[in-house]
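What follows is the residue order along each chain.
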Amino acid sequence: MNDRKIILIGEPDSKRTEFFIKAANKQRITVNFFSWSDWRNQDMEGGFVKIDPPSFAEYNILTLTEKIKEYQEQLQELEEMGKEKGICFLNPPSAILQLLDKVACKEKLQEHNIPVTTMIGKNPKNFQELKAIMKEKKCWSVFLKPVYGSGAAGIIALSMQPVTGKLAAYTAVCVEQNRLLQQKKIRKITKEREIDEIVNAITSLDTIVERWYPKAGINKESFDFRVLWQFDRMEFIVARKSASPITNLHLNNGAISLEELFKTQASWNHNDTLKEMEELCRNTMAVFPQVQMTGLDVMLDRKTGKPRIIEMNGQGDLLYQDIYGENQIYTSQIAYMQSKL
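Residues numbered from 1 in each chain as written. Predicted model: local features only at pLDDT ≥ 70, side-chain atom pairs only at ≥ 80, totals over all residues. Heavy atoms only, no water.

Chemist: Just checking my understanding: could you explain the packing of aromatic side chains for this structure?
Modeler: The geometry of an aromatic ring pair is captured by the separation of the ring centres together with the interplanar angle, meaning the angle of the planes. Enumeration according to the criterion identifies 10 aromatic pairs in this entry. Aromatic pair Trp 36 and Trp 39: ring centres 6.5 Å apart, planes at 85°, arrangement edge-to-face. The class of Trp 36 is buried, set by a relative accessible area of 8%. Consider the rings of Phe 231 and Tyr 336, whose centres lie 4.1 Å apart with planes at 20°: the pair is stacked. Of this pair, Phe 231 sits in the loop between strand S12 (221-230) and strand S13 (233-242) while Tyr 336 sits in helix H10 (residues 328-340), and the two are 105 residues apart along the sequence. An aromatic cluster is defined as three or more aromatic residues linked by ring pairs; in this entry it consists of Phe 19, Tyr 320 and Tyr 324. (Phe/Tyr/Trp six-rings, centres within 6.5 Å; stacked < 30°, edge-to-face > 60°. Buried < 20%, exposed > 50% of the residue type's maximum accessible area, 1.4 Å probe, protein only. Helix = DSSP H or I, 4+ residues; strand = E, 2+ residues; numbered from the N terminus.)

Chemist: Please explain empty space enclosed by the protein as it appears in this structure.
Modeler: A water-sized probe, rolled over the atoms, reveals where empty space remains. Tallied over the entire structure, the rule returns 1 cavity of 30 Å³ or more. For the largest cavity, the calculated volume is near 50 Å³. Taken together, Leu 64, Thr 65, Pro 146, Val 147, Tyr 148, Leu 205 and Asp 206 form the lining of the largest cavity. Looking at the lining of the largest cavity residue by residue, the class counts come to 5 nonpolar, 1 polar and 1 charged. (1 Å grid on protein atoms, 1.4 Å probe; cavity = no way out; pocket = protein on both sides within 12 Å on 5 of 7 lines; lining within 4 Å. Points joined across faces, edges and corners; volume = space filled by probe spheres on them. Nonpolar A, V, L, I, M, F, W, Y, C, P; charged D, E, K, R; others polar.)

Chemist: Got a minute to help me understand the layout of surface pockets in this structure?
Modeler: Computed from the structure, the second largest pocket encloses a volume of approximately 200 Å³. Around the second largest pocket sit 14 residues that line it, and Trp 212, Ser 222, Ser 244, Pro 245 and Arg 302 are the ones nearest its centre. Considering only residue class, the lining of the second largest pocket consists of 7 nonpolar, 3 polar and 4 charged.

Chemist: What's the story with the sheet that holds strand S4 (residues 88-89) in this structure? I'm lost.
Modeler: Hydrogen bonds between backbone atoms are what pair the strands of a sheet, whose relative direction is either parallel or antiparallel. Across the sheet, 4 strands lie side by side as S2-S1-S3-S4; this open sheet has parallel pairing. The strands lining the two open edges of the sheet, one partner per strand, are strand S2 (31-35) and S4. Across 4 bridges, strand S1 (residues 6-10) lies against strand S3 (residues 48-51) in parallel orientation. Bridge assignment links Leu 8 to a residue of S3, and that residue is Lys 50. Those strands touched by helix H1 (residues 15-26) are S1, S2 and S3, and its axis lies near 165° from that of S2. (Pairing = 2+ DSSP bridges. Contact = heavy atoms within 4.5 Å. Axes fitted to C-alpha atoms, helices over the stretch in contact; angles between N-to-C directions.)

Such coordinate-based values are descriptive only and should not be taken to indicate function.
This is the structure in structure tokens:
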């Protein structure tokens, strides 16, 4: 008798857990759920495991390093347990670890000549050093991002006028009583003192500096895509638009249907655009052959419409447009996992 089982490790009250289990129930398949607080005490031998990320109740971004370190240690532990107990993973812990590190991920993509938002520096010590990198590279618009984290946590988009030194920054973070806090909306900041304070707080973490490429736009807003790639195909695409360069939907930005989006881009061949995106995503995934599923952030160049990878997220499969629709992503994951048991 086959006693292998599908296992989900995650948080008990999350939308991820709720809709993954709904997808399983619809297919009359049992999922064994283990929380991050007690997974070590559970029997996972011979199971097929999906790993969802833990949640962090207090979101002081300056504590990210400590929390990510704990998560990395758990992933390493799961990797060893997998070898000892014959566990299969939807995305192996080692692969999730690879994609967690924005620097390592970006370096590997650049080594394989994948079109990406190019990394031009890492770990500036402070605002002055960041400006020095911009001047040295003659790159007057950049993104500064913590190496670890998602959901635009700790990200600032900064532009500097090369002659006057005039600054403009976009971010959802603020500094409050020695804490770097994530807000629910993006602000434009032009006061150098405030920018200096925020950048100095962000640079106390490990960071990556990327060239800021102008994104294609619609009605004075820029847009990009979250592409959910799994099992060798584009499973789902969400277009995200924003008046700022940061498009994450939970920051008061909006989703837009592909049909509406492409209606406004009459100069582009939409089928060709989707084919180019698909080819780029396929080539990107080939760099990480162990990864079955990832969320790919993809932009289109404002002038040419050519696609470019912004980031990869090995656990980026929670898309509200999907779970409140057909719940297609998790349904496909359940069917795939069941087929491998």
